[in-house]
Amino acid sequence: MQFIETRGNDGSRPVRVAFSQAILNPMSSFGGLYVPEMLPDLGIDFLRRHLDSDYKALARAVMEAFNTDIPPDVLQRALDRYDHFDDPAQPVPVVKVTDDLFVSELYHGPTRAFKDMALQPFGVVLSALAQARDEHYLILAATSGDTGPATLETFKNQANVKVACLYPDGGTSDVQRLQMVTEDAPNLKVIGVHGAFDDAQTALKSLLSSDRFHAALRERDTRLSAANSVNFGRIIFQQIYHLHSYLELVRQGAISLGDKVYLNVPSGNFGNALGGYYAMKMGLPVEKILISSNSNNILTDFVRHGRYDLRGRQVVATTSPAMDILKSSNVERVLFDLFGAERTRELMALLDEQGHYQLSDSETARVRSIFAADFATDQEVETAIRENFERGYLMDPHTATCLKAHHNCRDRDLPDIVYSTAEWTKFSPTIAHALTGEVDANDIDALKSISQEAGLSIPPMIAALFDRPITQPTVIDKQDIEQEILSFI
Ligand SMILES: *Cc1c(COP(=O)(O)O)cnc(C)c1O
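Residues numbered from 1 in each chain as written. Predicted model: local features only at pLDDT ≥ 70, side-chain atom pairs only at ≥ 80, totals over all residues. Heavy atoms only, no water.

This brings us to the packing of aromatic side chains. Overall, the coordinates contain 13 aromatic pairs when judged by the stated rule. Arranged with centres 5.1 Å apart and planes meeting at 75°, the rings of Tyr55 and Tyr82 form a pair that is edge-to-face. Separated by 27 residues along the polypeptide, Tyr55 in helix H3 (residues 55-66) and Tyr82 in the loop between helix H4 (72-79) and strand S4 (94-98) bring together distant segments of the chain. Taking 5.9 Å as the distance between ring centres and 20° as the angle between the ring planes, the aromatic pair formed by Tyr277 and Phe371 counts as stacked. With Tyr277 in helix H12 (residues 271-281) and Phe371 in strand S14 (residues 371-375), this pair connects stretches of sequence that are 94 residues apart. Accessibility assignment for this pair places Tyr277 and Phe371 in one class, buried. Lying across the ring of Phe30, Arg345 places its NZ or CZ 3.8 Å from the centre. Lying over the aromatic face of Phe375, Lys404 brings its terminal NZ or CZ to 5.2 Å of the ring centre. (Phe/Tyr/Trp six-rings, centres within 6.5 Å; stacked < 30°, edge-to-face > 60°. Helix = DSSP H or I, 4+ residues; strand = E, 2+ residues; numbered from the N terminus. Buried < 20%, exposed > 50% of the residue type's maximum accessible area, 1.4 Å probe, protein only. Lys NZ or Arg CZ within 6 Å of the ring centre and 35° of its normal.)

Here it is in structure tokens:
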């Protein structure tokens, strides 16, 4: 399978590239993204063949259908990463909450957030490809919380890859910060930056456009890659669990093979939702994909009105911080799929230059034939957490944003698969507040009170964080980042 570019080709690079090229070097012409040239058919026949497949067998079959240039032994090692999830036989449990509400739990990996679903196998693949080419890569990450820990965890001690991870000092939860600053592998560097997430993010962007920095990397024989969801190497692994969750509903007797369901995705950068979109295109029986947001509800507007408008908007901090995003990168891949490269390039140029674009009525109708959307305020999120807890299910604030769309966006009486993207342990102060009214608790106190209230034990990898030595104490000013990274590599 070959990969092409969402904004067309600028003549300075190949029109088609292999999977390995698209993931090692994810930047494409005109600032676009790589997408598969065509999608395999993973419809009813494929699903029927995999009714009894476990997660890894299904994953292998999906990856093989994409016919990438990852060597089979590397793919096997990549998928073996799912053996380190809570239950290797069932890395993604799907839990029935009510007759029409099922929660697909994507957070049973090492860092307790759904980023592990893709980053765990992705780390093995990227490192193996780098070794095969005898090349050295630097991954730069700016994180507001979940991507950082998951990126560090997957690449730790992996050959030919180094990671430098920037986080806003004081801008993450205690658990997220400890997950980063207690990592001690020699190929990892964690840097706290004075300021907010935007400062860390802006510092990273100016580094990426600095000629001096690139020259210094060349001198050190190091190339840059990316581990965020602009990299198709992450998206490819995010299609699998949509198929798996559907098959789980069949296995649980909630639906028959061929029946339609809703997929309900708490969305930020739209990687998770895009995986569902591709699964639907490949033949998964999906009625609609529900896009759930928090008060940063730019995607709600986009789906309902075909309008993407950044003007006058600022990111607001919510209790679901991994979704505090206005520029949602993977929407571009849907635009390309629906409207082609020329139109995508035009729309993305409008967004970059004027801060907004408006789809035509017929384009908007196409978007609305596939997606529906709603958003939840922090208050609504807390209510959803409390109500679901009272009927026996504990969910994190990101997952809880989905309940609004669950109630408002289904035109048909079909089951809804809500994706749970984080464990309760990662956002415990918000959950403690929802359950007990406790205010301003720090993470450890909130963890203890939820654990008591809900009768759940704190998982060992979270409990252990509070006793581990801090091995990555660096906290610096923005202007010192470049020097810090260069001395690291
Ligand atoms: C990253 C993340 C999201 C958003 O996922 P996207 O694929 O970027 O839309 C939602 N919830 C949690 C907990 C996350 O870490």
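Moving on, we come to the sheet that holds strand S15 (residues 416-420). Across the sheet, which stays open at both edges, the 6 strands sit in the order S4-S5-S15-S10-S11-S14 with mixed pairing between neighbours. Looking at which strands have only one partner, the edges of the open sheet turn out to be S4 and S14. Going across the sheet, the axis of each strand differs from the next one's by a mean of 25°, ignoring polarity. Here S4 pairs with strand S5 (residues 101-105) via 4 bridges, running antiparallel. Each bridged residue has a counterpart across the sheet, and for Lys96 the counterpart in S5 is Phe102. Contacts between helix H13 (residues 298-305) and the sheet are confined to strand S11 (286-293) and S14, with S14 contributing the most and set at about 145° to the helix. (Pairing = 2+ DSSP bridges. Axes fitted to C-alpha atoms, helices over the stretch in contact; angles between N-to-C directions. Contact = heavy atoms within 4.5 Å.)

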